[in-house]
Amino acid sequence: MENILLDKTLVIASQEGYEAAYRFLAGESLKLPEGEYPRVFYFLMCLAAGNGKSEIALHHFEEAVLKKGYWYRKEELEDQDLAPLFGSKKFSDLKLLCEQRQKTAQENARPFCTYQGQTASILLLCVHGNGQNASISKADWHMLESREIQVEAVQSATAESYGRFSWNYDTMNFRQIEECVKKVPWGNYKKHILAGFSAGCDMILRTIAACSLQIEALLLQSPYIPYMKENAERIVEVCHEKGIQVGIYCGVLDEVCHDMAAGLYHKLTEAGVQTHLVWQPGLRHGFPEKMGEEYKGYLK
């Protein structure tokens, strides 16, 4: 819900400017159900500061950090939209508090899996994108859950901001997925599907390329997959040898991942891997409101 709202806000900001985007987000945020929305506060802060309303921006920052307990990583707080705040002592003090909270959060972070017991015969294990967490990932894919399909999620141990985590594009971080899988009775399921969003798709490709997990299908939403650039042959080889089916889904308006999705589809189909690419009209970098047969066909 938060991601959809923020995506709409970005569209308004690009078309009508920061002031209109701020008014929209400020109004819509009052309608959100009870919960934690750290990104909404960050966007309000950036939009207000970028529109010359420094005091309002500082108010949102103070409320987020002191009242809500949120924190934001150093790089986020160096965004140029926030430049009007850089000389403020209040801003500096809140930024320092965020840095202290980030250090504590990283020290306590551990790989996490939502799995608590088998409830179905097919397991769909999803991998979040950067700036998300296991709960968000599981909610994104929950429409595919049924009596036969159990949806669970893994979470990285790299703290990005309050309650949010990210993946590192290296030779080790993706192995946290395998570490979580070891705690799941993998062999008890008749079918195993890995589903990822954005950077989570890259972690999935690294996992199938380096780990000996039994996988029957991949569902890749808005795939941000730099791993493919130098490892396309290995990805194709594994999918072909193991008979892994691949569903690729990407918004027509997703400028970052459009070419990556098309490139992966071309490589896989060229090698005879059963692959389906769905271009989703009107969608940027995110999930469609509904998941139809283009997803469910891989779950049977």
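Relevant structure appears above.
Okay, so let's go over this structure. Just so it is clear, the model here is predicted, and its values are computed rather than measured. (Residues numbered from 1 in each chain as written. Predicted model: local features only at pLDDT ≥ 70, side-chain atom pairs only at ≥ 80, totals over all residues. Heavy atoms only, no water.)

Let's talk about the sheet that holds strand E3 (residues 149-155)
Strand order in the open sheet made by the seven strands is E1-E3-E2-E6-E7-E8-E9, with mixed pairing throughout. Of all the strands in the sheet, the pair left with one neighbour each is strand E1 (112-113) and strand E9 (275-280). The pairing of strand E2 (residues 122-127) with E3 spans six bridges and is classified as parallel. Across the sheet, Cys126 pairs through a bridge with Ala153, a residue of E3. Across the sheet, helix H6 (residues 134-141) touches E1, E2, E3, strand E6 (191-197) and strand E7 (217-221), and the angle it forms with E3 is around 150°. (Pairing = 2+ DSSP bridges. Helix = DSSP H or I, 4+ residues; strand = E, 2+ residues; numbered from the N terminus. Contact = heavy atoms within 4.5 Å. Axes fitted to C-alpha atoms, helices over the stretch in contact; angles between N-to-C directions.)

What to know about the nonpolar core
Core analysis: the largest hydrophobic core is formed by 44 residues, its most contacted members being Leu218 and Val246. The set of elements that each furnish at least two residues to this core consists of E2, helix H7 (175-181), helix H8 (199-210), E7, helix H9 (228-242), strand E8 (245-251) and helix H10 (258-270). Not counting residues up to four positions away in its chain, the partners in contact with Val246 are Leu218, Leu220, Cys239, Leu268, Val273, Gln274, Thr275, His276 and Tyr298. Core analysis: the next-biggest nonpolar cluster, separate from the first, contains 38 residues, Ala13, Val40, Tyr72 and Leu77 among them. (Core = buried A, V, L, I, M, F, W, Y, C linked by side-chain atoms within 4.5 Å. Buried < 20%, exposed > 50% of the residue type's maximum accessible area, 1.4 Å probe, protein only.)

Focus: the packing of aromatic side chains
Taken as a whole and judged by the stated rule, the model has 10 aromatic pairs. Taking 4.9 Å as the distance between ring centres and 45° as the angle between the ring planes, the aromatic pair formed by Tyr70 and Tyr162 counts as tilted. Pair noted here: Tyr70 is in the loop between helix H4 (54-67) and helix H5 (89-108) and Tyr162 is in the loop between strand E4 (158-161) and strand E5 (164-166), with a separation of 92 residues, a long-range link. Measuring from ring centre to ring centre gives 5.8 Å for Phe86 and Phe91, while their planes differ by 40°; the resulting arrangement is tilted. (Phe/Tyr/Trp six-rings, centres within 6.5 Å; stacked < 30°, edge-to-face > 60°.)

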